[in-house]
Amino acid sequence: MLKISRKIEYSLIALKYMSSKHPGELTSTKEICDKHDLPFNVATKVMQLMTHHRILASTHGVAGGYQIF
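Residues numbered from 1 in each chain as written. Predicted model: local features only at pLDDT ≥ 70, side-chain atom pairs only at ≥ 80, totals over all residues. Heavy atoms only, no water.

A.B. asks: I would appreciate a short explanation of a nonpolar patch on the surface in the present structure.
C.D. replies: A surface patch of nonpolar side chains, amounting to about 410 Å² of accessible area, comprises Leu2, Ile4, Ile8 and Leu12. Following the sequence through the fold, Ile8 ends up in helix α1 (residues 6–19). (Patch = residues over 30% accessible without salt bridge, like charges linked within 9 Å, V, L, I, M, F, W, Y side chains within 5 Å. Areas by Shrake-Rupley, 256 points an atom, 1.4 Å probe, with all protein chains shown as cover. Salt bridge = Lys/Arg side-chain N within 4 Å of Asp/Glu carboxyl O. Helix = DSSP H or I, 4+ residues; strand = E, 2+ residues; numbered from the N terminus.)

Structural data, given as structure tokens:
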């Protein structure tokens, strides 16, 4: 059986959740954490890492969030 790290697991959970949204609809890290009971600190780092590698696009501000490129 293939063993994956928690960060990879969290990134796959986030991507799966975000793929079910309408194109252009933003998703916050808190929304993903609340829905899937993930630790916020680790999920935030994973989302930032995916943004750095251009898997996600981020929008800053009160109504900001992430979306899949």
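Further notes follow.
A.B. asks: How do you make sense of the pairing of strand β1 (residues 56–59) when you look at a structure like this?
C.D. replies: Strand residues, when the strand is regular, have side chains that alternate between the two faces of the sheet. Here β1 pairs with strand β2 (residues 65–68) via four bridges, running antiparallel. Following the sheet pairing, Leu56 is matched in β2 by Ile68. Count of turn residues in the β1/β2 antiparallel hairpin: five residues, of which Gly61 carries a positive phi of about 110°. (Pairing = 2+ DSSP bridges.)

A.B. asks: Would you mind going over helix α2 (residues 29–36) with me for this structure?
C.D. replies: One turn of an α-helix holds 3.6 residues; hence residues three or four places apart share an orientation. Three or more residues of α2 are buried, namely Thr29, Ile32 and Cys33. End-on view of α2: buried residues confined to an arc of 95°, all on one side of the axis. What points out from α2, more than 90 degrees from its buried face, is the exposed set Lys30, Asp34 and Lys35. Each element contacted by the buried residues of α2 is listed here: α1, α3 (40–52) and β2. Looking one or two places after α2, you find Asp37, whose phi comes out positive at around 55°. (Buried < 20%, exposed > 50% of the residue type's maximum accessible area, 1.4 Å probe, protein only. Arc of directions from axis to C-beta. Contact = heavy atoms within 4.5 Å.)

A.B. asks: What exactly am I supposed to notice about unusual backbone geometry here?
C.D. replies: Glycine aside, the phi torsion of most residues is negative, and most peptide linkages are trans. For Asp37, which is not glycine, the phi torsion reads 55° and is therefore positive. Topologically, Asp37 is positioned in the loop between α2 and α3. Given the relative accessible area of 70%, Asp37 is considered exposed. Phi is positive for Arg54, which is not a glycine, with a value near 60°. Tracing the chain through its elements places Arg54 in the loop between α3 and β1. Given a relative accessible area of 60%, Arg54 falls into the exposed group.

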